[in-house]
Amino acid sequence: QVQLVESGGGSVQAGGSLRLSCAASGSTYSSACMGWFRQAPGKERERVASINTNSDSTYYPDSVEGRFTISQDNAKNTVILQMSSLKPEDTAMYYCAAGPDQGGYCYSSPRLYNYWGQGTRVTVSS
């Protein structure tokens, strides 16, 4: 079993930056993929970044490409989401998730991830 705890959320003005952290503990060997998802009120939960810790393959949707970066620390127990050039539409609850390998890549659907953190709120004002 895996336990995930997010931190680093807050309120910033448009154009600012935030660094989110996800601390993982437990049987992390069973989860090759680490992902960041966000959910705004009235909208579906969507993937904003993922990394396959076996292949080091990363993915970003067009909405955040060039602005967000996912990375893993040397101990492989913390996953970082560095966000820059933030926009009001980035406002959401951000969740860290762990899931299975997909042939060296990671699933896009949140329904295919097994473990979730409680979330950290990000608010971007215009």
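How each quantity is defined
- Residues numbered from 1 in each chain as written.
- Predicted model: local features only at pLDDT ≥ 70, side-chain atom pairs only at ≥ 80, totals over all residues.
- Heavy atoms only, no water.
- Helix = DSSP H or I, 4+ residues; strand = E, 2+ residues; numbered from the N terminus.
- Buried < 20%, exposed > 50% of the residue type's maximum accessible area, 1.4 Å probe, protein only.
- Contact = heavy atoms within 4.5 Å.
- Areas by Shrake-Rupley, 256 points an atom, 1.4 Å probe, with all protein chains shown as cover.
- Lys, Arg positive; Asp, Glu negative; His and termini not counted.
- Charge placed at Lys NZ, Arg CZ, Asp CG, Glu CD.
- Pairing = 2+ DSSP bridges.
- Axes fitted to C-alpha atoms, helices over the stretch in contact; angles between N-to-C directions.
- Polar contact = N/O pair within 3.5 Å; in protein donor to acceptor, adjacent residues only side chain to side chain.
- 1 Å grid on protein atoms, 1.4 Å probe; cavity = no way out; pocket = protein on both sides within 12 Å on 5 of 7 lines; lining within 4 Å.
- Points joined across faces, edges and corners; volume = space filled by probe spheres on them.
- Nonpolar A, V, L, I, M, F, W, Y, C, P; charged D, E, K, R; others polar.
- Salt bridge = Lys/Arg side-chain N within 4 Å of Asp/Glu carboxyl O.
- Core = buried A, V, L, I, M, F, W, Y, C linked by side-chain atoms within 4.5 Å.

Participant: How would you sum up the overall build of the protein chain? Please name residues and give values.
Facilitator: The secondary structure content of the protein chain amounts to zero helices and eleven strands. In sequence order, the protein chain lays out its α and β elements as β-β-β-β-β-β-β-β-β-β-β. Overall, the C-alpha framework of the protein chain stretches about 40 × 30 × 25 Å when taken along its three principal axes. In the protein chain, buried positions account for 44% of the 126 residues. The contacts in the protein chain between residues at least 6 apart in sequence include a share of 59% that link residues at least 24 apart. Put simply, the protein chain shows about 6600 Å² of open surface, and 44% of that area lies on carbon and sulfur atoms. For the protein chain, the distance from the average site of its 10 positive side-chain charges to the average site of its 10 negative ones is 4 Å.

Participant: Help me get a handle on the sheet that holds strand β7 (residues 68-72), residues and values and all.
Facilitator: Strand order in the open sheet formed by four strands is β1-β3-β8-β7, and the pairing between neighbours is antiparallel. The open sheet is flanked by β1 (2-7) and β7, the only strands paired with a single partner. When the angles between neighbouring strand axes are averaged without regard to direction, this sheet yields 15°. Alignment of β7 against strand β8 (residues 78-83), held across five bridges, turns out to be antiparallel. By the bridge assignment, Phe68 is partnered in β8 with Met83.

Participant: Which residues make up the environment of Asp73, and what values do they have?
Facilitator: Mapped onto the secondary structure, Asp73 falls in the loop between β7 and β8. Separated by 43 residues in the primary sequence, Asp73 and Trp116 have C-alpha atoms spaced 19 Å apart. Reaching out from Asp73, the side chain makes a polar contact with the backbone nitrogen of Asn77 at a distance of 3.2 Å.

Participant: Tell me about the layout of surface pockets, residues and numbers included.
Facilitator: The calculated volume of the largest pocket comes to roughly 160 Å³. For the largest pocket, the lining is made up of 13 residues, of which Thr28, Ser31, Thr53, Gln72 and Lys76 are closest to its centre. Across the lining of the largest pocket, the residue classes break down as five nonpolar, seven polar and one charged.

Participant: Explain the pattern of salt bridges to me, and be specific about the residues and the numbers.
Facilitator: This model, assessed by the stated rule, comprises three salt bridges. When the shortest N-O distance is used, the salt bridge between Glu46 and Arg38 registers 2.9 Å. For Arg38, a relative accessible area of 7% corresponds to the buried category. Arg67 is the partner of Asp90 in a salt bridge, and the nearest nitrogen-oxygen pair spans 2.8 Å. Here Arg67 lies in the loop between β6 (58-59) and β7 and Asp90 lies in the loop between β8 and β9 (92-99), a separation of 23 residues in the sequence. The exposure class of Asp90 is buried, given its relative accessible area of 1%.

Participant: How would you summarise the nonpolar core if you had to cite specific residues and measurements?
Facilitator: Grouped together as the largest cluster of nonpolar side chains are 27 residues, with contacts concentrated most on Trp36, Phe68, Leu81, Met83 and Tyr94. For this core, the elements supplying multiple residues, two or more each, are β1, β3 (18-26), β4 (33-39), β5 (46-52), β7, β8, β9 and β11 (120-125).

Participant: Break down the environment of Ser17 for me, with residues and values.
Facilitator: Here Ser17 shows up in the loop between β2 (10-13) and β3. Once you skip the residues sitting within four places of it in the chain, Ser17 turns out to touch Val12, Gln82, Met83, Ser84, Ser85 and Leu86.

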